[in-house]
Amino acid sequence: MWDRSSLMPNHRHRRRAKQSLSFEARLRVACTIAAVSGDKVLLVEADLRRPVQSELFGLGELPGLLGWLQGQHDLKETIYYLNGPNLWFVPAGGSIANP
C-alpha cells in the first residue's frame with residue numbers, strides 16, 4: 001500500500017509538478033492512482049469559473065457542487081460513479097462568474 005508521505009513531496013516539488021503537468025495529465029494521474037491503489041477516490045471539480053472535467057469525462061451538464069452549495073441538490077445526488085475501479089466524481093454543476 002502507498003504511504004501518504006510517499007505521495008506528497010515537499011511543497012517546492014509539489015508546485016513544480018503542478019506547473020510541469022497539463023490539466024489532462026494531472027487528471028490522468030488521479031485516475032491512475034484510483035485504479036492502482038485500490039482505494040476509493042472522489043474527484044471534485046471545484047473550478048466553478050471554468051469547469052472542464054465533466055466535458056473530459058463526457059458527462060455534460062449534471063447537478064453538482066454548485067447546486068449542492070446553493071442548497072438545490074442533496075450531496076448524494078451530485079456523486080457519480082465513473083467507469084473506472086473505485087472512481088467517483090462530483091462535477092461543478094455549472095459555472096459562476098464570481099464564486
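All residue numbers refer to positions counted from 1 along the written sequence of the respective chain. Selection of residues for local features in this predicted model requires a pLDDT of at least 70, selection of side-chain atom pairs for listing and counting requires 80 or more, and totals for whole chains, interfaces and linings are taken over all residues. Working from all heavy atoms in the structure, the side-chain values ignore hydrogens and water.

**So, the nonpolar core**
Point 1. Ranked by size, the top nonpolar core spans 7 residues in total: Leu27, Ala34, Val41, Leu43, Leu82, Leu87 and Phe89.
Point 2. Residue assignment for this core shows that the elements contributing at least two residues are helix 3 (23-37), strand 1 (41-44) and strand 3 (87-90).
Point 3. Pairs of residues are marked as contacts when any of their non-hydrogen atoms sit within 4.5 Å. Non-local contacts of Leu27, meaning those with residues more than four positions away in its chain, are made with Leu43, Gln53, Leu56 and Phe57.
Point 4. Judged by nonpolar contacts, the second largest core, of 5 residues, contains Leu48, Leu65, Val90 and Ala92. We call a set of buried Ala, Val, Leu, Ile, Met, Phe, Trp, Tyr and Cys residues a nonpolar core when their side-chain atoms join them within 4.5 Å. Only protein chains enter the accessibility calculation, which uses a 1.4 Å probe; a residue is then buried when its area is under 20% of its type maximum, exposed when over 50%, and partly exposed in between. Helix and strand definitions follow DSSP, with helices as H or I runs of at least four residues and strands as E runs of at least two, each counted in order from the N terminus.

**A few points about the pairing of strand 3**
Point 1. We treat two strands as partners when DSSP finds at least two bridges between them. For strand 1 and strand 3, the ladder comprises 4 bridges, and the chain directions are parallel. By the bridge assignment for strand 3, Val44 is matched with Val90.
Point 2. Pairing of strand 2 (residues 80-81) with strand 3, which is carried by 2 bridges, proceeds in the antiparallel orientation. If you follow Tyr81 over to strand 3, its bridge partner there is Trp88.
Point 3. Hairpin connection between strand 2 and strand 3: a loop of 5 residues separates the two successive antiparallel strands, and Asn86 in this loop has a positive phi of roughly 60°.

**Description of helix 3**
Point 1. Taking 1.5 Å of rise per residue, 15 residues should cover 21 Å, and helix 3 covers 21 Å from first to last C-alpha, within 8% of that figure.
Point 2. Along helix 3, the residues classified as buried are Ala25, Leu27, Ala34 and Ser37.
Point 3. Contacts from the buried residues of helix 3 go to strand 1, helix 4 (53-56) and strand 3.
Point 4. Among the residues trailing helix 3, Gly38 stands out with phi positive, at a value near 80°. Between the first and last residue of a helix there are one fewer steps than residues, each counted as 1.5 Å, and that sum is the expected span.

**A look at the sheet that holds strand 1**
Point 1. What the 3 strands build is an open sheet, ordered 1-3-2; its pairing is mixed. Two strands in the sheet have a free side with no partner beyond their single neighbour: strand 1 and strand 2.
Point 2. Here an angle of 0 to 180 degrees is reported between the N-to-C directions of two axes, which are lines fitted to C-alpha atoms, with helices fitted over the stretch in contact. In this fold helix 3 packs onto strand 1 and strand 3, with an angle of close to 160° to the strand it touches most, strand 1.

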